[in-house]
Amino acid sequence: MKVFDELNPPARLLLGPGPSPVHPRVMRALAAPVIGHLDPELIRLLDETRGLLRDVFRTSNDLALAVSGTGMAGMESVLGSLLEPGDRLVVCAAGFFGQRMGELAGRMGVAVTKVEKEWGEVFTPEEVDTAVAGAKPKAIAIVHAETSTGALQPMDGLGDVAHRHDALLIVDCVTSLGGAPVLVDQWGVDAAYSGSQKCLGCPPGMAPVTLSPRARQAMAARSRPAHGWYLDLDLLERYWGGDRAYHHTISSTLVYALREGLRLVVEEGLEARWERHRTNAEMLWDGLEALGLVLHVPDPERRIPSLTTVHVPDGVDEAEVRGRLRDEYGIEIGAGLGPLKGKVWRIGLMGHGSQKANVILLLAALVDLLKRP
Ligand SMILES: *Cc1c(COP(=O)(O)O)cnc(C)c1O
């Protein structure tokens, strides 16, 4: 039998759309001994994680937990637990992840009304209101930070629109949680999900989720149980916050990591962390513009602080630059998706990766690779 070489992945500076650099304290947490999913110590750590998740989501919701899986598991658990076949969902889609929410809900037998805009634009409450008035949906789904375009959706007023029409507001905050204000209670969000590997500084594998009391009522009022088992938030809540009945073997390793990542967020302070992401993003934006590059989202107030989309200049081989950044500098950045494929680079300054030194290194590498003065 062939014995392969010892594991030796390259050191990469992860400045793409995720995963992001993992904080050293989280790396140490990952090395702690594995324990059982019903061990009293793990239950205690789950309780602490719940409290930390409430702080980070800025919510008093009772239901706050982390689904085992990546951000997509968060999306699937929320849509699949709140909606049943025949329900109507209005999806605001101005990018890849908005489109995906619509596609996923459609697969679940949900009737989807899609409101679309150009990739890079955001929705006004009036636009959402008009779409909802005609459709009478059970829920409205929107992406807060659209990682495919770099656009940050303003959230003020959307909760009012949803609740005036007796609909739930579902928000994807995978790329914003821990990197930009996510104010679940203040915004009137009924369901939010995120991922551990973007601005929370953890490896992929855990998807934080929270549901408002209204969302829980809607879940309880379903005419049949959720289609799936693994991502059923009703069952998961029993394990995380109820009778602790066995549901699945949660990874203690990933719980340690998430708890440590969240502890780091709370230690730094949410406001200070948002400010750090914003300051480093502004430095990146100024630097890219000084190199003569054009940002895809013109209005700085509409840009995601943790994910920047920048146009590939004419005559430059998009993939070659990305490849050389990786091979010569050890830096990973992302390519464009959908209509922006080949047209933009996506640069992430997420969580532990949002540092001044990283901005300077990337800008210097681009000066070299793009042969800028
Ligand atoms: C990354 C991302 C997802 C999906 O998360 P995975 O961890 O890749 O499953 C969903 N929505 C948005 C906005 C994202 O950026």
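As a starting point, this report considers the structure included with it. Everything numeric here is computed off the predicted structure, so don't read it as measured data. (Residues numbered from 1 in each chain as written. Predicted model: local features only at pLDDT ≥ 70, side-chain atom pairs only at ≥ 80, totals over all residues. Heavy atoms only, no water.)

## A short note on the nonpolar core
Rule in force here: Residues belong to a common nonpolar core when they are buried Ala, Val, Leu, Ile, Met, Phe, Trp, Tyr or Cys residues joined through side-chain atoms within 4.5 Å. Buried residues are those whose accessible area, probed at 1.4 Å on protein chains only, stays under 20% of the maximum for their type, while exposed residues exceed 50% and partly exposed ones sit between those limits. Under the DSSP-based scheme used, a helix requires at least four consecutive residues in state H or I and a strand at least two consecutive residues in state E, with every element numbered from the N terminus. Residues count as neighbours in contact if any of their non-hydrogen atoms are within 4.5 Å of one another.
Grouped together as the largest cluster of nonpolar side chains are 87 residues, with contacts concentrated most on V67, L82, L89, I140, L169, I170 and L233. Counting residues per element, this core draws most heavily on helix α2 (residues 40-57), which supplies eight residues. Residue contacts for L233: discarding those within four places in its chain leaves L63, L65, V67, S77, V78, S81, V209, L211 and M219. One finds L13, L295, V312 and V359 within the second-largest nonpolar core, a separate group that totals 25 residues.

## Observations regarding the packing of helix α10 (residues 252-268) against helix α11 (residues 270-290)
Cut-off, in case you're wondering: Here the axes come from fitting lines to C-alpha atoms, over the contacting stretch only for helices, and the angles between their N-to-C directions go from 0 to 180 degrees. Should an angle fall under 35 degrees it is taken as roughly parallel, and over 145 as roughly antiparallel, whereas 65 to 115 is taken as roughly perpendicular and any remaining angle as oblique. All amino acids are sorted into three groups, where Ala, Val, Leu, Ile, Met, Phe, Trp, Tyr, Cys and Pro are nonpolar, Asp, Glu, Lys and Arg are charged, and the leftover types, Gly among them, are polar.
α11 packs onto α10 with a crossing angle of 95° between their chain directions and a minimal axis gap of 5 Å. Comparing the axis directions of α10 and α11 gives the class roughly perpendicular. Contact residues: L264, V265 and E268 in α10; L270, A272, R273 and R276 in α11. Tallied by class, the residues present in the contact of α10 with α11 amount to four nonpolar, no polar and three charged.

## A look at the pairing of strand β5 (residues 139-143)
Counted only if it meets this: Two strands are counted as paired when DSSP detects at least two bridges linking them.
Counting buried residues along β5, five of its five residues qualify, which places the element largely inside the surrounding structure. Where β5 meets strand β8 (residues 168-172), five bridges bridge the pair, whose relative direction is parallel. Bridging across to β8, I142 finds its partner in V171.

## Focus: the site of the ligand
The test is simple: Here a residue counts as near a molecule or strand whenever at least one of its heavy atoms sits within 4 Å of it. Between N or O atoms, a polar contact is any pair within 3.5 Å; within protein, one atom must be a potential hydrogen donor and the other a potential acceptor, and residues adjacent in sequence are included only when both atoms are from side chains. Here the open area of atoms and residues is found with the Shrake-Rupley method and a 1.4 Å probe, where only the protein chains shown may cover a residue.
Taken together, the residues surrounding the ligand are T70, G71, M72, F97, V143, A145, T147, D172, V174, T175, Q197 and K198. At 2.6 Å from an oxygen atom of the ligand is found a side-chain nitrogen or oxygen belonging to Q197. Burial of the ligand by the protein amounts to 89% of the accessible area it has alone, namely 380 Å². Considered class by class, the residues forming the shell around the ligand number five nonpolar, five polar and two charged.

## Thoughts on the state of the cysteines
For clarity, the cut-off: Criterion for a disulfide: a pair of cysteine sulfur atoms within 2.5 Å.
Scanning the model with the defined rule gives zero disulfides in all. A disulfide-free cysteine, C173 has its sulfur positioned 11 Å from the sulfur of C199, the nearest such atom. Here C202 is not cross-linked by a disulfide; its sulfur's nearest cysteine counterpart is in C199, at 11 Å. Residue class for C202 comes out buried when judged on its relative accessible area of 1%.

## Quick word on the packing of aromatic side chains
Which entries qualify depends on this criterion: Between 30 and 60 degrees the pair is tilted, below 30 it is stacked and above 60 it is edge-to-face, where a pair is any two Phe, Tyr or Trp rings, Trp via its six-membered ring, whose centres lie within 6.5 Å. As a reminder, the over-ring test applies to NZ of lysine and CZ of arginine, requiring each to be within 6 Å of the ring centre and within 35 degrees of the ring normal.
Under the counting rule described, the total for this entry stands at one aromatic pair. With centroids separated by 5.0 Å and ring planes inclined at 80°, the aromatic side chains of F96 and F97 adopt a geometry described as edge-to-face. F96 gets classed as partly exposed once you look at its relative accessible area, which sits at 26%. The exposure class of F97 is buried, given its relative accessible area of 16%. K117 extends its terminal NZ or CZ atom over the ring of F123, reaching a point 5.8 Å from the ring centre. Positioned above the aromatic ring of W285 is the side chain of R303, whose terminal nitrogen or guanidinium carbon lies 4.8 Å from the ring centre.

## Overview of helix α3 (residues 71-82)
Put simply, the test is: Expected span, for any helix, means 1.5 Å times one less than how many residues it has.
Helix length check: α3, at twelve residues, gives a terminal C-alpha distance of 17 Å against a target of 16 Å (1.5 Å per residue), a fit within 8%. Judged by how many residues are buried, α3 sits mostly within the fold: ten of twelve residues are covered. Here α3 has its buried residues at G71, A73, G74, M75, S77, V78, L79, G80, S81 and L82.

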